[in-house]
Amino acid sequence: MKIFECGNCAHPLYFENDSCEKCGHLAGYHDESLKMLTFEPATSSLISDRNGKAYKYCQNKEYGVCNWLIPASKENHFCNACALNRTIPDLSDQSNFPKWQKLEIAKHRLVYQLQRLGLAILPKENHPEIGLSFDFISKQNDPQIMTGHAAGLITILLSEADSVFREKMRKQMAEPYRTLIGHFRHEVGHYFWDRLVATNQGFSNEFRNIFGDESADYGKSLKKHYQKGAPENWQNNFISEYATSHPWEDWAETWAHYLHIMDMTETGYYFGMSVEPIIKDKSLSGSVKFDPYEIKDFMIIYGTWAPMSFAINSLNRSMGIPDAYPFVVSAAVVEKMKFIHKLLFDQ
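In short, a report on the structure.

The rules behind each value
Residues numbered from 1 in each chain as written. Predicted model: local features only at pLDDT ≥ 70, side-chain atom pairs only at ≥ 80, totals over all residues. Heavy atoms only, no water. Core = buried A, V, L, I, M, F, W, Y, C linked by side-chain atoms within 4.5 Å. Buried < 20%, exposed > 50% of the residue type's maximum accessible area, 1.4 Å probe, protein only. Helix = DSSP H or I, 4+ residues; strand = E, 2+ residues; numbered from the N terminus. Contact = heavy atoms within 4.5 Å. Expected span 1.5 Å × (residues − 1). Arc of directions from axis to C-beta. Polar contact = N/O pair within 3.5 Å; in protein donor to acceptor, adjacent residues only side chain to side chain. Pairing = 2+ DSSP bridges. Axes fitted to C-alpha atoms, helices over the stretch in contact; angles between N-to-C directions.

1. With respect to the nonpolar core
- Core analysis: the biggest nonpolar cluster contains 78 residues, and V188, W251, W255, Y258 and V329 have the highest contact counts within it.
- For this core, the element with the highest residue contribution is helix α3 (residues 180-197), accounting for 9 residues.
- Among residues more than four places away in sequence, those in contact with V188 are L110, L114, L132, I154 and W255.
- With 6 residues, the next largest nonpolar core counts L37, Y55, Y57 and L69 among its residues.

2. Observations concerning helix α8 (residues 331-346)
- If you check α8, its first and last C-alpha atoms are 22 Å apart, about what 16 residues at 1.5 Å a residue would give, namely 22 Å.
- Listed as buried for α8 are V333, V334, K336, M337, F339, I340, H341, L343 and L344.
- Buried-residue contacts for α8 involve α3, α4 (201-211), α6 (247-270) and α7 (298-318).

3. Here's the deal with α4
- Turning to α4, its buried residues number three or more, namely F203, S204, F207 and F211. For α4, the angular spread of the buried residues around the axis is 105 degrees, confining them to a single face. Away from the buried face of α4 by more than 90 degrees, exposed residues Q201 and N209 are located.
- Buried residues along α4 sit against α3, α6 and α8.
- Backbone nitrogen of F203 and a side-chain oxygen of the N-cap are separated by 3.2 Å at the start of α4; the cap is N200.
- Where α4 terminates, the next one or two residues include G212, which has phi positive at roughly 110 degrees.

4. What to know about the sheet that holds strand β5 (residues 46-47)
- Taking strand neighbours across the sheet as the criterion, the 3 strands line up as β5-β6-β7 in an open arrangement whose pairing is antiparallel. Either end of the sheet is taken by a strand with one partner, and the two such strands are β5 and β7 (69-71).
- In the sheet, β5 pairs with strand β6 (residues 54-57) via 2 bridges, with the strands oriented antiparallel. Across the sheet, the residue bridging to L46 is Y55, located in β6.

5. Some words on unusual backbone geometry
- Despite not being glycine, A151 shows a phi value in the positive range, around 50 degrees.
- For A151, a relative accessible area of 59% puts it in the exposed group.

6. Some points on the sheet that holds strand β8 (residues 85-87)
- In spatial order, the strands read β8-β9-β11-β10; together these 4 strands make up an open sheet with mixed pairing. Strands with a single pairing partner mark the edges of an open sheet, and in this sheet they are β8 and β10 (148-150). Strand-to-strand twist of the sheet, defined as the mean angle between neighbouring strand axes without regard to direction, takes the value 25 degrees.
- Inspection of the sheet shows β8 paired to strand β9 (residues 133-137) by 2 bridges, in the parallel sense. Across the sheet, N85 pairs through a bridge with F134, a residue of β9.
- Along the sheet, helix α1 (residues 96-116) contacts β8, β9 and β11 (153-157); its crossing angle with β9, the most-contacted strand, is approximately 160 degrees.

Here is the structure:
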């Protein structure tokens, strides 16, 4: 993600900040300009330090889960990210607030990235056939309720915002990685398969050549996966064991990892990151000198990201904590990511 700064004093701001810790100005994210705008805190109206225009906060700011801005002239009460919510947690239960906040942080970062990719994000409420919406709910002792995607509706279980529960599930599922942003990126991958691949015959044929035939029975494929596990040497062709279960899941898993790589590379760019290890093998050398969302050749992005990822994993290991990116990306998976990148740049 970009580095943001206060419009009044130029102090660095996080994406989620609603005020500047240095000068005290109010702050909010304006998604149309991809900028953090700041405002004099002593006034009743929000007049931007940057452009002199008037704004208002998304209504969800009162719950401490959103800092996005809406032009004051618009009638909208919710920002473009919060407008996607169909169901939020029961707010009469105070324990739900911190969980909802974590879900919203991940969702807002997802929407930021989808906007950077130039993808249309339409609320399902206004576009029932092609729109996107989110349900943030608990199981309520119903085994049928689970995290997943169905016809534009993404359900994220509230329990996934509990780090203890999430770690328990990670171990139970033998996963090397399980995060909220990972869930959001995976599930929205299913949504965009429907929007970008299923509706495009040319890309559908290319998809089958790379990922396999998605017409294979999905239920039977998942049942077989859970009974027998991944095939031997699955790492040669897939990013995860779950990706081996069905072409739809291979797509969603690969899509999520593509978004991981794009976001990490963008962050590296804005921090001016470079890696020059003191070894003879220069394959670990690299410098992020570009915004990945402006690069059409995915191999340039990947070739720059890989050394940076190795360095970050090495730093984590020096602190005795898990790798930030605990995966090996095979040549076959890179080809799948190239397909996704091409699809997005050709839309």
